[in-house]
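Structural description and commentary
Each chain is listed here by its residues.
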Amino acid sequence: MRRAAPALTRVRPRPFTTHISRGRSVIATTVDGRINGNPDHGLFVHETRLLSRWKYLIDDQEPSANAFSAIRQNHWLGYFVAAAPGVTMPPRDEGSGQVPPESQCPLELRITRVIDDGLHEDIDLTNYTTESSTFVFAIELDADFADQGETRERQQHGECAIHWDASRLTFDYTARTLKRSVVLEIANASSPVDWSDGRLTFSVTLAPKERWHACVLITPIIDGAILPPPPDCYGSDAHLAPHEQAVRWFLDETTSFETPESHTMTADVTATLEQARADLASLRLFDLDENPRSWTVAAGLPLYIALFGRDTLTTGWQAGLLGPEIMTGTLHTLAKVQGTRVDDWRDEQPGKMLHEAHTGPLSMLDFNPRGRSYSSITTSGLYAFIVAELWHWTGDKNLVRPFIEPALRALQWLERYGDIDGDGFYEYQSRSPMGPRNQGWKDSPDAITYEDGTLVDPPIATCEEQAFVYVAKLHLSEMLFFLGERALSRKLYHEASELRKRFNEAFWMEDEGFYALALDAQKRPVRSITSNPGHCIAAAITDASLVERTADRLFAPDLFSGWGIRTLSTEHPRYNPYSYHLGSIWPVEHGTFALGFMRYGLHDRVEQIARAQFEAAALFEYHRLPELFGGHPRDERHPFPAIYPNANSPQAWSASPVFTLLQSMLGLYPYAPLKMLVVDPHLPEWLPEITLRDLRVGKASVTIRFRRRADGRTSYRILDQRGKLHVLRQATPWSLTTQPAERLRDALSSLIRRGA
């Protein structure tokens, strides 16, 4: 029986309050960690509200809450972000969407709280800009010593004295025989502290990438009994305070509970897959339906409820495991709006494929060109590639034939307009006064930068755009050969082969063991270390002898955070974990990368990248991967990453990569024209079994159960099959697509004969 879409129901008691506690000490705050005067909020010890106000200010302004969560019942972490004071803001790029100032020039405030009897708070400020920033950081606080039952209407009254001595602030409260105090001590501060007008203030100057730190040690004194906080910063066994050790003893010694899945990630993987499937259905743009079996999706919620060419093509391709509907519908829709004329306002030229089409008033009234904008080089190459992928999944000549002419026109546009200087590489440069500066996959205004941090001026030929054109011509060549278009097939194959040779000569950096991000207008390599070369592996434009070195570099600590591969190295001067493309992590890339690693038999890398992404998904509400998230390292101080401030969730191409991650672990390669499904499964220990039910390849469908055996190998069993389909265990023949189409055909036919 089919499972219904997962419910989004999450019922939370006291929905506007977060509690962390230990024994008789409780801190109740807003969900983002502040105490703003709400009668239910405060630091309560022995049913006495010691602190009744607690919030952070940067130059008198509260920073924006970014990501926050309790880690355990006595441990909380929150990220806040503000536009760094005094830093030059980059010019607004009208064509690249809504990139907020706090993402482009962020000052990060990270708060770590651990409560025992008292409270230890670590405060870390980090300047993620390329300029120094000077500001005043303040903690605004107050204490009222109200009984827990009188925070709305005061009944008992006493006298409160405030004492300030260097870095030590004391509130002493006396009412009849009751005497209670709270002592706040500033320790390990990177700059001196002052107290005035209800605020602890620090003058802070931070150089680029510099971190400022302070500890606040909060000690309650209840009728003479001193209740100390954890003494040291979190991450230095501060959390192993006496009460913490007692809790751990209990949990270690008491009865625990296990099921066969207790030590696996099966529940997280299936929850992520099911949520992604439901999200794609929920993002469907019904007004663009071609028919019930041919439809497309919006890019994401809430900002991008619109058609995006490259996003929806990528989504349909990565979600091929679910079926061909999104691929088919997107190809139909984009063909209808393919460029027909030269219109610089919209960056339109004949044959160019659409980037985005919005329906809001500003777009429809031509206040901007985004009602129908062609300001991306990526879509035109991807279109031809996705036509071939639809062929692989369906083998339906009648289905794919209407898309061949639009695909060829898109490739012709690349030759006529995409190769701006005639050097055989594909560059972008906007013609529109409101077009985005960058028009490759990374299209934010500061995304393409030299290794010294200066911005690269268009025209720019990025490495992944060459890869997209290469794989488009290669796979379309193979499809056209099978459809009888032999001369055109050979022409495209020859063009792809020549591009591959030129690419490896021009982009490879031997001293880095990696590919350059781009070639600039003078054909100099842009030597920044980025995630972009991962797409080159996936498209097989990389020289086979260089694949492992390239993959190893992608997993070096400056790129691989533990949650995923960053868009930019942490060693780069513009590294910024809150950015759109300068150190953040995009799930969509990882689905593509995994297929590339599978292509070359790098199964350990497939497992590593898949585990990181599924573990990241488990952190987010509903197991839903957002559009992108922060590039923070996965370590004791960062148990979860922050988030790009304007991230969409759900996002279509953050839902789709979980299917290619699974496809890569199972080694699935569909080839419907020959009624064939190749499998080469390598399930990891954390996913010992999974069943794919009603997987469609061509006119057939199959239900297959994959299971990891005790020896580490993965077996499979066909539980049900309808229609003719050869299921063969074989290393992926994708690597054969770097050979002429005739040899590919012969190799695939040989596999069929062996399995027949």
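Just above sits the structure.
Described below are features of the structure shown in this document. Counting of residues starts from 1 at the beginning of each chain's written sequence and follows it residue by residue. Reporting of local features is limited, given that this is a predicted model, to residues whose pLDDT is at least 70; pairs of side-chain atoms are given and counted only at 80 or more, and all residues count toward the totals for whole chains, interfaces and linings. The side-chain numbers reported here are obtained from all heavy atoms of the structure, hydrogens and water having been left aside.

**A word on a nonpolar patch on the surface**
- A grouping of Val247, Phe250 and Leu251 is seen on the molecular surface, where their side chains present a nonpolar patch of about 290 Å² in accessible area.
- Under the relative-accessibility criterion, phenylalanine 250 is labelled exposed at 51%. The patches described consist of residues with a relative accessible area above 30% and no salt bridge, like charges being joined within 9 Å and nonpolar side chains (Val, Leu, Ile, Met, Phe, Trp, Tyr) within 5 Å. Residue-level accessible areas treat just the shown protein chains as cover; the underlying method is Shrake-Rupley with a 1.4 Å probe. Salt bridge, as used here: a side-chain nitrogen of Lys or Arg that lies within 4 Å of a carboxyl oxygen of Asp or Glu. Working definition: with a 1.4 Å probe on protein chains only, accessible area under 20% of the residue-type maximum means buried, over 50% means exposed, and in between means partly exposed.

**Here's the deal with the sheet that holds strand E16 (residues 199-206)**
- Pairing between strands requires that DSSP locate at least two bridges from one strand to the other. Put simply, DSSP marks the helices as runs of H or I at least four residues long and the strands as runs of E at least two long, and each gets a number from the N terminus on. Here we have 4 strands laid out as an open sheet, ordered E5-E10-E16-E15, and antiparallel in their pairing. Single-partner strands in this sheet number two, and they are strand E5 (53-58) and strand E15 (193-196). Neighbour to neighbour, the strand axes of the sheet diverge by 20° on average, direction disregarded.
- Sheet topology note: the E15/E16 ladder contains 4 bridges and is antiparallel. Paired with serine 196 across the strands is arginine 199, a residue of E16. For helices, the fitted line uses only the C-alpha atoms of the stretch in contact; every axis is such a line through C-alpha atoms, and the angle between N-to-C directions lies from 0 to 180 degrees.

**Brief notes about the sheet that holds strand E25 (residues 525-526)**
- One open sheet accounts for 3 strands, arranged E21-E24-E25; its pairing is antiparallel. Only two strands of the sheet have a single partner each, and these edge strands are strand E21 (461-462) and E25.

**Concerning unusual backbone geometry**
- Note the cis peptide between leucine 301 and proline 302, where omega equals 10°.
- Among the secondary structure elements, proline 302 is positioned in the loop between helix H3 (266-282) and strand E19 (307-308).
- Here the bond from serine 649 into proline 650 is cis, since omega is 5°, no more than 30 degrees from zero.
- Following the sequence through the fold, proline 650 ends up in the loop between helix H14 (603-619) and helix H15 (652-655).
- With a phi close to 50°, arginine 14 is a non-glycine residue in the positive phi region.

**Regarding the side chain of lysine 55**
- Mapped onto the secondary structure, lysine 55 falls in strand E5.
- The exposure class assigned to lysine 55 is buried, which follows from its relative accessible area of 15%.
- The contact criterion used is simple: two residues touch if any of their non-hydrogen atoms lie within 4.5 Å. Other than its neighbours up to four places away in sequence, lysine 55 contacts Asn36, Glu62, Ala138, Ile139 and Glu140.

**Some thoughts on the packing of helix H4 (residues 309-318) against helix H13 (residues 587-599)**
- One way to put it is that H4 packs onto H13 with a least axis distance of 11 Å and a crossing angle of 45°. Regarding the angle of H4 to H13, the classification is oblique. Crossing of H4 over H13 shows left-handed handedness. Every residue of H13 that contacts H4 at Thr314, Trp317 and Gln318 is listed here: Val588, Gly591, Thr592 and Leu595.
- A per-class count over the contact of H4 with H13 returns 3 nonpolar, 4 polar and no charged. Between 65 and 115 degrees an angle is taken as roughly perpendicular, under 35 as roughly parallel, over 145 as roughly antiparallel, and anywhere else as oblique. Should the near helix be turned counterclockwise from the far one by less than a right angle, the crossing is left-handed, whereas a clockwise turn marks it as right-handed. Under the scheme applied here, ten amino acids are nonpolar (Ala, Val, Leu, Ile, Met, Phe, Trp, Tyr, Cys and Pro), four are charged (Asp, Glu, Lys and Arg), and all others, including Gly, are polar.

**Some points on the pairing of strand E14 (residues 178-187)**
- With 7 of 10 residues buried, E14 lies mostly within the body of the structure.
- Pairing of strand E13 (residues 168-175) with E14, which is carried by 8 bridges, proceeds in the antiparallel orientation. Each residue of the ladder has a partner; that of arginine 168, found in E14, is glutamate 185.
- Counted along the chain from E13 to the antiparallel partner E14, the turn is 2 residues long, and its residue arginine 176 has a positive phi close to 55°.
- Relative to strand E17 (residues 211-222), E14 runs antiparallel, the two sharing 8 bridges. Bridged to valine 183 within E17 is threonine 219.

**Considerations on the nonpolar core**
- In this text, buried Ala, Val, Leu, Ile, Met, Phe, Trp, Tyr and Cys residues form a nonpolar core when linked through side-chain atoms within 4.5 Å. Ranked by internal contacts, the top residues of the largest apolar core, which has 137 residues, are Leu476, Phe597 and Phe614.
- Here the element with the most residues in this core is helix H9 (residues 463-482); it accounts for 12 residues.
- The residues touching leucine 476, leaving out its near neighbours within four places in the chain, are Ala384, Val387, Ala388, Ala407, Leu408, Leu411 and Leu492.
- In terms of nonpolar packing, the next biggest core, distinct from the first, is built from 48 residues, Ile35, Val45, Cys105 and Tyr173 among them.

**Description of the environment of leucine 559**
- Structurally, the position occupied by leucine 559 is in the loop between helix H12 (547-554) and H13.
- C-alpha separation for the pair leucine 559 and glycine 583, spaced 24 residues apart in sequence, amounts to 8.2 Å.
- Excluding residues within four positions of it along the chain, leucine 559 makes contact with Phe514, Ile529, Thr530, Arg553, Leu554, Gly564, Ile565, Arg566, Leu568 and Ser569.

That's the geometry; what it means functionally is another story.
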